[in-house]
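# Summary of the model geometry
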Amino acid sequence: SNIRAVHSYEKYNDLDTINAWSANIAAQNPSLVTRSQLGTSYEGRPIYLLKVGRSGSNKKAVFIDCGFHAREWVSPAFCQWFVKESVENYGSDAVLTNLLNNLDFYVLPVLNVDGYVFTWSSNRMWRKTRSVNSGSTCFGTDPNRNFNAGWCTVGASSRACDDTYCGSTPESERETKALANFIRSNLSSIKGYLTVHSYSQMLLFPYSYSYALARDHTELNTVAKNAVDQLFTLHRTRYTYGPGGTTIYLAAGGSDDWAYDVGVKYSFTFELRDTGRYGFLLPESQIKATSEETMLAVKSISNHILNN
Ligand SMILES: CS(=N)(=N)C[C@@H](Cc1ccccc1)C(=O)O
Ligand SMILES: [Zn+2]
């Protein structure tokens, strides 16, 4: 029907609703928000990108993406919340106002649009993209194994039917290629990369593709500690933090490792609530609290980026 669902920040929204929302929030806040199209998905859907911040010359930028893995619905909910907070509290929240005046935030509400639609229409537990794999009846590639960072060496599968299928080549997916191209084209301004997943309540940083410590390990560890301490203050939600390899598991081809290795120093992966009681099926009643506490962590990291 052509009756569009009403958008809510405290509910999970389908892709049509999110796309209508992103058009509206940009149209209603032209001095803070502009919408562009990052690319097109395998099934031909637009992948929209919001640029949030006061216009200014040669500002540093932080890239935040959500919706890598289709079933992790609280992730796109957070990206929507971040944009809402930015437009609603610009001018009243001093920390946020300072950030928006001095940083640009690129916010990608849903990267894996085809997979997200599939979780609404067919299989709530779908993870991957929905591309056709030649020689297989199984669909999709794991976008978080598809980047050129130790690609397919560890913690990933070369079998198309597996949920951690690394793809036929790095950046084989239109979605990951579009994201990588954007970051490569904006490396002079993009100083931070935050990719938002669920669940586990973790703040991860490079590397996941090996146990080797990142050259900036000490600083990233401190930034992560401060961020999870800030997060804790609101609802006493406990996060663990550290390099992905030792904190969750070894896994190659992740976007955070790739971003770090192309020079985006402040590269982090969020694993939002919870720790397994509801898992990917986090109740809508927890979207507000999850988003509010995650805002504190993102503001903490963003302030560090602005001041360093
Ligand atoms: C629960 S989950 N699938 N979001 C965990 C996520 C962990 C990870 C982060 C960064 C790099 C590699 C791997 C993944 O397996 O893709
Ligand atoms: Zn994920």
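In this report, the structure presented in the accompanying data block is examined. Just so you know, these numbers come straight off a predicted model, no measurement behind them.

Conventions adopted
- Residues numbered from 1 in each chain as written.
- Chains lettered and ligands numbered in written order.
- Predicted model: local features only at pLDDT ≥ 70, side-chain atom pairs only at ≥ 80, totals over all residues.
- Heavy atoms only, no water.
- Helix = DSSP H or I, 4+ residues; strand = E, 2+ residues; numbered from the N terminus.
- Expected span 1.5 Å × (residues − 1).
- Buried < 20%, exposed > 50% of the residue type's maximum accessible area, 1.4 Å probe, protein only.
- Near = heavy atom within 4 Å.
- Polar contact = N/O pair within 3.5 Å; in protein donor to acceptor, adjacent residues only side chain to side chain.
- Areas by Shrake-Rupley, 256 points an atom, 1.4 Å probe, with all protein chains shown as cover.
- 1 Å grid on protein atoms, 1.4 Å probe; cavity = no way out; pocket = protein on both sides within 12 Å on 5 of 7 lines; lining within 4 Å.
- Sits in = over half its atoms within 2 Å of the grid points.
- Nonpolar A, V, L, I, M, F, W, Y, C, P; charged D, E, K, R; others polar.
- Patch = residues over 30% accessible without salt bridge, like charges linked within 9 Å, V, L, I, M, F, W, Y side chains within 5 Å.
- Salt bridge = Lys/Arg side-chain N within 4 Å of Asp/Glu carboxyl O.
- Phe/Tyr/Trp six-rings, centres within 6.5 Å; stacked < 30°, edge-to-face > 60°.
- Lys NZ or Arg CZ within 6 Å of the ring centre and 35° of its normal.
- Contact = heavy atoms within 4.5 Å.

In this section: helix H5 (residues 174–185). Under the 1.5 Å per step criterion, the end-to-end length of H5 is 16 Å for 12 residues, consistent within 8% with the ideal 16 Å. Turning to H5, its buried residues number three or more, namely Glu-175, Thr-176, Ala-178, Leu-179, Ala-180, Phe-182 and Ile-183.

Turning our eyes to something else, we now look at the site of ligand 1. The immediate surroundings of ligand 1 are formed by 15 residues, with Arg-127, Asn-144, Arg-145, Tyr-249 and Glu-271 found nearest. One of the side-chain nitrogen or oxygen atoms of Glu-72 is found 3.1 Å away from a nitrogen atom of ligand 1. One nitrogen or oxygen atom from the side chain of Glu-271 is found 3.1 Å from a nitrogen atom belonging to ligand 1. When the free accessible area of ligand 1 is taken as 400 Å², the share hidden by the protein chains comes to 97%. In this structure the site holding ligand 1 corresponds to the largest pocket. Contributing elements (two or more residues each) for the shell around ligand 1: strand S5 (190–198) and strand S8 (266–272). Of the residues that constitute the shell around ligand 1, the class distribution is 4 nonpolar, 6 polar and 5 charged.

Time to look at a nonpolar patch on the surface. There is a patch of nonpolar side chains on the surface, built from Tyr-42, Val-132 and Phe-139 and spanning about 270 Å² of accessible area. Of note, Tyr-42 is situated in the loop between strand S1 (33–40) and strand S2 (46–52). Tyr-42 sits in the partly exposed class, given a relative accessible area of 41%.

Okay, the pattern of salt bridges next. One pass over the structure, following the stated rule, counts 17 salt bridges. In this structure, the salt-bridge partner of Glu-43 is Arg-45, at a minimum N-O distance of 2.6 Å. Take Arg-45: its relative accessible area is 25%, and that puts it in the partly exposed class. Lys-225 serves as the salt-bridge partner of Asp-229, at 2.6 Å between the closest nitrogen and oxygen. Note that Asp-229 and Lys-225 are positioned in helix H6 (residues 217–235) at a spacing of 4 residues, about one turn of the helix. On the basis of relative accessibility, which here comes to 35%, the residue Asp-229 falls in the partly exposed class. Each member of the salt-bridge network shares a partner with another, and the members are Glu-43, Arg-45 and Asp-114.

Attention shifts here to the packing of aromatic side chains. For the coordinates displayed, the defined rule picks out 18 aromatic pairs. Taken together, a centroid distance of 5.6 Å and an interplanar angle of 85 degrees make the contact between Tyr-207 and Tyr-260 edge-to-face. In this pair, Tyr-207 sits in the loop between strand S6 (202–205) and H6 while Tyr-260 sits in helix H8 (residues 255–261), placing the two residues 53 residues apart along the sequence. Judged by relative accessible area, which is 8%, Tyr-207 ranks as buried. Under the relative-accessibility criterion, Tyr-260 is labelled buried at 0%. Geometry around Trp-73 places Arg-124 over its ring, the cationic atom sitting 3.7 Å from the centre.

What follows is about the environment of Lys-84. By the element assignment, Lys-84 lies in helix H2 (residues 74–89). Owing to a relative accessible area of 7%, Lys-84 belongs among the buried residues under this scheme. Contacts of Lys-84, omitting those with residues within four sequence positions, involve Tyr-9 and Ile-25.

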